[in-house]
Structures are given as structure tokens and as C-alpha cells.
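# Observations on the three-dimensional arrangement
Below, each chain spelled out in residue letters.
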Amino acid sequence: MREAPHTRAAYAHHLTLTTRWMDNDVYGHVNNVVYYSFFDTVVNRYLIEAGALDIAQGAVIGLVVETQCNYFQSIAFPDTVTAGLRVAYVGNSSVRYEIALFRNDDDKASAQGHFVHVYVDRASNRPVALPDTLAQALARLRVTP
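Reading guide: rules and limits
Residues numbered from 1 in each chain as written. Predicted model: local features only at pLDDT ≥ 70, side-chain atom pairs only at ≥ 80, totals over all residues. Heavy atoms only, no water. Helix = DSSP H or I, 4+ residues; strand = E, 2+ residues; numbered from the N terminus. Rg over C-alpha atoms; globule rule 2.2 N^0.38 Å. Buried < 20%, exposed > 50% of the residue type's maximum accessible area, 1.4 Å probe, protein only. Contact = heavy atoms within 4.5 Å. Lys, Arg positive; Asp, Glu negative; His and termini not counted. Charge placed at Lys NZ, Arg CZ, Asp CG, Glu CD. Pairing = 2+ DSSP bridges. Axes fitted to C-alpha atoms, helices over the stretch in contact; angles between N-to-C directions. Salt bridge = Lys/Arg side-chain N within 4 Å of Asp/Glu carboxyl O. Core = buried A, V, L, I, M, F, W, Y, C linked by side-chain atoms within 4.5 Å.

## A closer look at the overall build of the protein
In terms of regular secondary structure, the protein is built from two helices and five strands. When its helices and strands are written in sequence order, the protein yields β-α-β-β-β-β-α. Against the globule reference of 15 Å for 145 residues, the protein gives a C-alpha radius of gyration of 15 Å, in line with a compact fold. Judged by the C-alpha coordinates and their principal axes, the protein covers about 45 × 30 × 30 Å. Taking all 145 residues of the protein together, 42% fall into the buried category. Here the analysis covers contacts within the protein between residues at least 6 apart in sequence; of these, 73% occur between residues at least 24 apart. Averaging the coordinates of the 12 positive side-chain charges in the protein and doing the same for the 14 negative ones gives two points 3 Å apart.

## Considering the sheet that holds strand β4 (residues 94–103)
Spatially, five strands are ordered β1-β3-β4-β5-β2 in an open sheet, and the strand pairing comes out antiparallel. Of all strands in the sheet, those bounded by a partner on one side alone are β1 (13–18) and β2 (60–71). For this sheet, the mean inter-axis angle between neighbouring strands, taken without regard to orientation, is 25 degrees. Strand direction decides the pairing type here: β4 and strand β5 (residues 111–121), joined by eight bridges, are antiparallel. Looking at the pairing, Leu101 lines up with Ala111 of β5. Along the sheet, helix α1 (residues 32–49) contacts β1, β2, β3 (80–90), β4 and β5; its crossing angle with β5, the most-contacted strand, is approximately 50 degrees. Along the sheet, helix α2 (residues 132–139) contacts β3, β4 and β5; its crossing angle with β4, the most-contacted strand, is approximately 40 degrees.

## Some points on the pattern of salt bridges
Inspection of the entire model under this criterion finds six salt bridges. Between Arg103 and Asp106 there is a salt bridge, and its shortest N-O distance comes to 3.7 Å. Arg103 sits in the partly exposed class, given a relative accessible area of 23%. Overlapping salt bridges, with partners in common, bring together Asp79, Arg103 and Asp106 in one network.

## Notes on the nonpolar core
Within the largest apolar cluster, 31 residues are counted, with the highest numbers of intra-cluster contacts made by Leu47, Tyr97, Ile99 and Leu101. When contributions to this core are tallied by element, the ones reaching two or more residues are β1, α1, β3, β4, β5 and α2. With eight residues, the single largest contributor to this core is α1. Apart from residues no more than four positions distant in its own chain, Leu101 is found in contact with Tyr35, Phe38, Phe39, Ile75, Val81, Thr82, Ala83, Ala109, Ser110 and Ala111. Judged by nonpolar contacts, the second largest core, of five residues, contains Ala10, Tyr11, Phe102 and Ala109.

See the structure below:
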């Protein structure tokens, strides 16, 4: 059975994003690949701003090992999107991020899903324990669904 759309209040962090003309596909709505770009943007921007991710020189990086998205309502240019972010699970080296995308002022998600990062040593690509700064940033995103 498919999940029902979540509300904005179910998410600890929010980021406003804009759609672009080029995001629309021939069917007149934002193409599904753009939704995953929104997912990546809200997670990585949060981590960078929290001081938990140095994309250029950090010794630890997150690799996506699983993704999923449910679509409930189309988003189209020139809509504004609010990406809601929360953390559902934190392991020794992995994190499950949950993201919902809200169209304009809608309180119910137009789409929601998750992805799992496994954090690895940049040089060896081997899993490593989450650094303290990352663990602290993730703790602020924990929400009980």
C-alpha cells in the first residue's frame, strides 16, 4: 500500500527552491529526474551549511546506495518548491534521509521519498564511522514520523 502524502510539519528542516523553465518536460510538468536533484540539493546544502560536509576536500563523503520517490501531484514551472528534510535512521556509517517536496503553499507533499548515504573514506571508498560534526548535524534532523 502506498504511503499518504506527509505535511510540512513532519520535517525538521525546510529549503525553498525554484523551478526553472528547463525543468518541465514535454508533458508540461517537472521531469522525475529533477525531483531527485531537489533531494540532493536539500541534503547537501544542509550538510555544507552545518559544517558537516566539505565537498572539495573532506576526507569523508556520502555515496547514495538507495533511492525511492512517490509522486502525488505534479509540479511545474514556475512553481516554487519547499523541500522538507528529516533523518529517519542513523547507523555507524549510513544515514537514511527522508525528503518531501511541497508545491507553492501546499501543506501536503507533491512528492516524497528517501535516499540512503553510506559514508566512506574519500581515498579508499571504504565505509567509515560518521564524523562527530556530521552526527551532530544529523541529530538536529531527527523527527519521529
